[in-house]
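Now for the letters of each chain:
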Amino acid sequence: MKAPVYAFFKSDPVFQHIDGRPCHVFTCAAAHCRNPTNTVHRYLDTKDSNSTSGLRKHAEKCWGAEALKAAQSAADANTVRSSGILASGSFSGAIDKIFERLGKGRVTYSHRAHTKVESRAECVRWVAESLHPVGIVGDRGFLSIAKTGRPDHYIPSPSTVSRDLKNAFVKCRNRIAKYLQEYDGALSFATDAWTSPNHRAFVAFTVHLEHNGVPLSLLLDFVEHNSPSL
Ligand SMILES: [Zn+2]
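With an unreviewed UniProt entry as reference, the protein is termed Transposase, source organism Ephemerocybe angulata.

Structural data, given as structure tokens:
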């Protein structure tokens with residue numbers, strides 16, 4: 001039986017002499033190897049000739065710590081190969097590469113489903129970042145995409161997301177207040193007022209500062225101006 005980590009490499013290593021030393025050369029099985037080289041050399045003339053640490057290090061970088069951990073709880077390499085761990089790993093690796101090529105930064109997806117709390121947090125982040133109404137988490141099409149193949153997967157209700165969103169807002173506001181009060185440097189405040197095409201007047205309050213060497217702007221408040229003279 002072979003240790004689970006061998007599943008991340010093509011089935012048989014090639015025996016070679018490298019600089020006169022006997023060596024097993026393992027080739028990474030990932031569709032898109034993320035290491036500088038897709039081979040791992042294991043020299044047979046050292047007392048670590050059976051060590052799997054080099055293989056584990058390589059596999060972790062290509063497939064992620066979670067895939068490696070999941071694999072290591074398997075009985076042997078063949079169990080890992082038939083488990084689907086490798087399939088999901090190479091898939092997320094490929095998606096990663098696509099996003100890198102598109103210049104959208106690194107996106108990774110876990111091999112593990114979100115816990116209930118993580119799912120609630122992810123929904124709050126989603127509706128906030130993408131400016132969606134909270135009702136989107138109750139949308140038929142969204143639920144079909146999220147739950148097909150795993151009907152018991154937890155998605156919070158719109159009312160839960162609404163409650164979580166308000167709590168997150170209060171926490172964020174307190175955190176920003178604390179950050180600004182303790183900020184060691186100049187804070188520049190600004191207002192901007194304008195009237196929308198349907199004659200409603202708004203005022204925005206913003207703060208501008210330097211954060212870790214980059215300019216940061218935060219919206220502090222946004223109010224509708226109700227003066228009858230406007
Ligand atoms: Zn690799």
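### A few points about the overall build of the protein
Each helix and strand counted, the protein has seven helices and six strands in total. Taken across its 230 residues, the protein has 26% of its residues classed as buried. Across the protein, the fraction of contacts at a sequence separation of at least 24, relative to all contacts at a separation of at least 6, is 39%. Carbon together with sulfur atoms contributes 55% to the accessible area of the protein, which is approximately 15600 Å² in total.

### A word on the packing of aromatic side chains
Following the criterion strictly, the structure yields seven aromatic pairs and no others. Consider the rings of Trp 194 and Phe 222, whose centres lie 5.8 Å apart with planes at 50°: the pair is tilted. Placement of Trp 194 in strand E4 (residues 188-195) and of Phe 222 in strand E6 (residues 214-225) is noted, with a sequence separation of 28 residues between them. Given a relative accessible area of 38%, Trp 194 falls into the partly exposed group. Here Phe 222 falls in the partly exposed class, since its relative accessible area comes to 43%. Taken together, the ring pairs connect Tyr 6, Phe 9 and Phe 26 into an aromatic cluster. Lying over the aromatic face of Tyr 43, Arg 21 brings its terminal NZ or CZ to 4.0 Å of the ring centre.

### Focus on the environment of Ser 217
When you line up the elements, Ser 217 lands in strand E6. Here the alpha-carbon distance between Ser 217 and Thr 206, two residues 11 residues apart in the chain, equals 6.8 Å. Not counting chain neighbours up to four residues away, the residues in contact with Ser 217 comprise Val 207 and His 208. At a separation of 3.0 Å, a polar atom in the side chain of Ser 217 contacts the side chain of His 208.

### Focus: the sheet that holds E4
The three strands lie next to each other as E4-E5-E6, forming an open sheet whose pairing is antiparallel. Sheet topology places E4 and E6 at the edges, where each strand pairs with a single neighbour. Averaged over all pairs of adjacent strands, the angle between their axes in this sheet comes to 20°, without regard to strand direction. In the sheet, strand E5 (residues 201-211) pairs with E6 via 11 bridges, with the strands oriented antiparallel. Directly across from Phe 202, in E6, lies its bridge partner Glu 224.

Parameters at a glance
Residues numbered from 1 in each chain as written. Predicted model: local features only at pLDDT ≥ 70, side-chain atom pairs only at ≥ 80, totals over all residues. Heavy atoms only, no water. Helix = DSSP H or I, 4+ residues; strand = E, 2+ residues; numbered from the N terminus. Buried < 20%, exposed > 50% of the residue type's maximum accessible area, 1.4 Å probe, protein only. Contact = heavy atoms within 4.5 Å. Areas by Shrake-Rupley, 256 points an atom, 1.4 Å probe, with all protein chains shown as cover. Phe/Tyr/Trp six-rings, centres within 6.5 Å; stacked < 30°, edge-to-face > 60°. Lys NZ or Arg CZ within 6 Å of the ring centre and 35° of its normal. Polar contact = N/O pair within 3.5 Å; in protein donor to acceptor, adjacent residues only side chain to side chain. Pairing = 2+ DSSP bridges. Axes fitted to C-alpha atoms, helices over the stretch in contact; angles between N-to-C directions.

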